[in-house]
Amino acid sequence: MRETIHIKASRPYDAVIGKGILKEIGPAIKACLNYPHIVILTDDNVDRLYAGTVIESLAQAGLKCHKYVFPHGEQSKRIDTLCGFISSMAECGTGRADAVIALGGGVTGDIGGLAAALYMRGIGFIQVPTTLLAMADSSVGGKTAIDIPQGKNLIGAFHQPSLVWCDTDTLATLPHDILRDGYAEVIKYGILFDREFFDGLTFESDIVRTVSASVRFKRDIVEADERDKGIRALLNLGHTVGHAIERLSDYSITHGEAVAMGMLRIARIGAAYGLEDCTDAICSKLTAFGFSTECPYPADDILNAALADKKRNADSITLVLPEHIGKCGLYNVSTAVFKELLSTTER
């Protein structure tokens, strides 16, 4: 089974989702993009598993490539990794007609996309995600960023890929907790847009269909608000609190775990704000996927970390609150109200 989903962004592109398709990446690039030289960015874990397959496929298609490997983990999503990769591109003679392949998870996609946006004021960019989180969410939409000590994703750019190539067979080599991480973003889409999708989602759900559905949800929002000026903010469900938790843990709590905690906390906040109480439904779904749902940090610490987030606007912050499962809204509240809501929902 294979699905191709077209994204009508400022640079239109396809997301191709299927089983066992990694070995076909070279001919696909040759046929529709024909970049003469490819620079592969990957981490040390993914390098051992999949870089050889990609390099062989590129070679069979007559494409030259260069590889840059960095240490895996969120701690690498920083400016020295970015600059090291850009320097490597320059040293191997990468030109404006060439492209970056980001082979790996969300960290790789972020670094690779931002490097492609910056190098020579923008070169081609291909997402080849190997984690569920990246396939279902971060590989589509063109957001790229790195972290700095003051906050997550504070240095970034919009740079749409030319192609997203998702081989779901790569998910078989993921540790269970990393695979589970991706389901936090998939569950998010159910809360945002589709009660039936939310109710039916399990570990046993067909993975190609699950990823494809998630990409279609993301596509619809990106096409409506590519530059994140309006309704694309809905995709931040759970992320204001989640990013704060990640930062407070020095990223020892993963993105998916933090978003899961953030979604449950924001459901409680929504109920305290007077909206329908979705807490039990969300808690049950997250628990079924093995997520820890209790935040380990007090309200004041979460508030201080959240107010450093880029979603803050002067003395207010925009929250994504569930109105019911399948529909959420954007609510601009003062920082004082946010503090009160965090405190009243602390358990």
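As shown above, the structure is provided for reference.
We now turn to the structure provided with this report. (Residues numbered from 1 in each chain as written. Predicted model: local features only at pLDDT ≥ 70, side-chain atom pairs only at ≥ 80, totals over all residues. Heavy atoms only, no water.)

## Digging into the packing of helix H3 (residues 79-91) against helix H4 (residues 106-118)
1) Next: Look at H3 against H4: their axes get within 10 Å of each other, and the N-to-C directions meet at 55°. Comparing their axes, H4 and H3 come out oblique. Considering how the two elements wind past one another, H3 and H4 form a crossing that is right-handed. Taking contact as the criterion, the partners of Thr81, Leu82, Phe85, Ile86 and Met89 in H3 are, on H4, Ile111, Gly112, Leu114, Ala115 and Leu118.
2) Next: For the contact of H3 with H4, a count of residues per class yields eight nonpolar, two polar and no charged. (Axes fitted to C-alpha atoms, helices over the stretch in contact; angles between N-to-C directions. Helix = DSSP H or I, 4+ residues; strand = E, 2+ residues; numbered from the N terminus. Parallel < 35°, antiparallel > 145°, perpendicular 65-115°, else oblique. Left-handed = near helix turned anticlockwise from the far one by under 90°. Contact = heavy atoms within 4.5 Å. Nonpolar A, V, L, I, M, F, W, Y, C, P; charged D, E, K, R; others polar.)

## With respect to empty space enclosed by the protein
1) Next: For the structure shown, the criterion picks out four cavities of 30 Å³ or more.
2) Next: By volume, the largest cavity amounts to about 70 Å³.
3) Next: At the level of elements, strand S8 (151-158), helix H9 (239-248) and helix H12 (299-306) are the ones that each hand at least two residues to the lining of the largest cavity.
4) Next: Each residue belonging to the lining of the largest cavity can be placed in one class, and the counts come to five nonpolar, three polar and three charged. (1 Å grid on protein atoms, 1.4 Å probe; cavity = no way out; pocket = protein on both sides within 12 Å on 5 of 7 lines; lining within 4 Å. Points joined across faces, edges and corners; volume = space filled by probe spheres on them.)

## Here we look at the pairing of strand S7 (residues 143-148)
1) Next: The pairing of S7 with S8 spans five bridges and is antiparallel. Across the sheet, the residue bridging to Lys143 is Phe158, located in S8.
2) Next: In this structure, the hairpin formed by S7 and S8 is closed by a connection of two residues. (Pairing = 2+ DSSP bridges.)

## Some words on the packing of aromatic side chains
1) Next: Throughout the structure, instances matching the rule amount to nine aromatic pairs.
2) Next: Ring geometry for Phe193 against Phe217: centres 5.7 Å apart, planes inclined by 25°, an arrangement best described as stacked. Here the residue Phe193 occupies a position in helix H6 (residues 176-193), and Phe217 occupies one in helix H8 (residues 207-224), the gap between them amounting to 24 residues.
3) Next: For Phe193, a relative accessible area of 28% gives the class partly exposed.
4) Next: For Phe217, a relative accessible area of 15% puts it in the buried group.
5) Next: Here the aromatic rings of Phe197 and Phe217 are separated by 5.4 Å at their centres, their planes lie at 70°, and the arrangement is edge-to-face. Of this pair, Phe197 sits in helix H7 (residues 195-200) while Phe217 sits in helix H8, and the two are 20 residues apart along the sequence. Per residue, the accessibility class of Phe197 equals that of Phe217, and both read buried. (Phe/Tyr/Trp six-rings, centres within 6.5 Å; stacked < 30°, edge-to-face > 60°. Buried < 20%, exposed > 50% of the residue type's maximum accessible area, 1.4 Å probe, protein only.)

## Concerning the nonpolar core
1) Next: Membership of the largest hydrophobic core comes to 72 residues, with the highest contact counts inside it found for Ile187, Ile191 and Phe338.
2) Next: With nine residues, the top contributor of residues to this core is helix H10 (residues 255-272).
3) Next: With residues up to four places along the chain from it excluded, the contact list for Phe338 reads Thr240, Ile269, Leu303, Ala306, Ile317, Leu319 and Val333.
4) Next: By size, the runner-up hydrophobic cluster in this structure holds 23 residues, among which are Tyr35, Ile38, Ala51 and Val54. (Core = buried A, V, L, I, M, F, W, Y, C linked by side-chain atoms within 4.5 Å.)

## Examining the pattern of salt bridges
A side chain with one charge may pair with a side chain of the opposite charge, provided their charged atoms come close.
1) Next: Using the criterion set out here, one finds 19 salt bridges in the structure.
2) Next: The salt bridge involving Glu74 is made with Lys152; its shortest N-O contact spans 2.8 Å. Pair noted here: Glu74 is in the loop between strand S4 (64-70) and H3 and Lys152 is in strand S8, with a separation of 78 residues, a long-range link. Per residue, the accessibility class of Glu74 equals that of Lys152, and both read buried.
3) Next: What you see here is one network of salt bridges that share partners, running through Glu74, Lys77, Asp110, Asp147, Lys152 and Glu246. (Salt bridge = Lys/Arg side-chain N within 4 Å of Asp/Glu carboxyl O.)

## Considerations on the sheet that holds strand S6 (residues 124-129)
As a general point, the strands of a sheet are linked pairwise by backbone hydrogen bonds and lie either parallel or antiparallel.
1) Next: One open sheet accounts for seven strands, arranged S1-S2-S9-S6-S5-S3-S4; its pairing is mixed. The open sheet terminates on both sides in strands that have one partner only, identified here as strand S1 (2-7) and S4. Within the sheet, the average angular offset between the axes of one strand and its neighbour, ignoring direction, is 15°.
2) Next: Here strand S3 (residues 37-43) pairs with strand S5 (residues 99-104) via five bridges, running parallel. Of the residues in S5, the one forming a bridge with Leu41 is Ala102.
3) Next: Here H3 sits on the sheet in contact with S3, S4 and S5, set at roughly 155° to S4.
4) Next: Packed on one face of the sheet, H8 meets S1 and strand S2 (13-18) and runs near 5° to S1.

## Looking at unusual backbone geometry
1) Next: In this model, Asp228 sits at a positive phi of 60°, which is unusual for a non-glycine residue.
2) Next: Residue placement: Asp228 occurs in the loop between H8 and H9.
3) Next: With relative accessibility at 25%, the residue Asp228 sits in the partly exposed group.
4) Next: Positive phi outside glycine occurs at Asp250, with the angle close to 55°.
5) Next: You can see Asp250 is positioned in the loop between H9 and H10.

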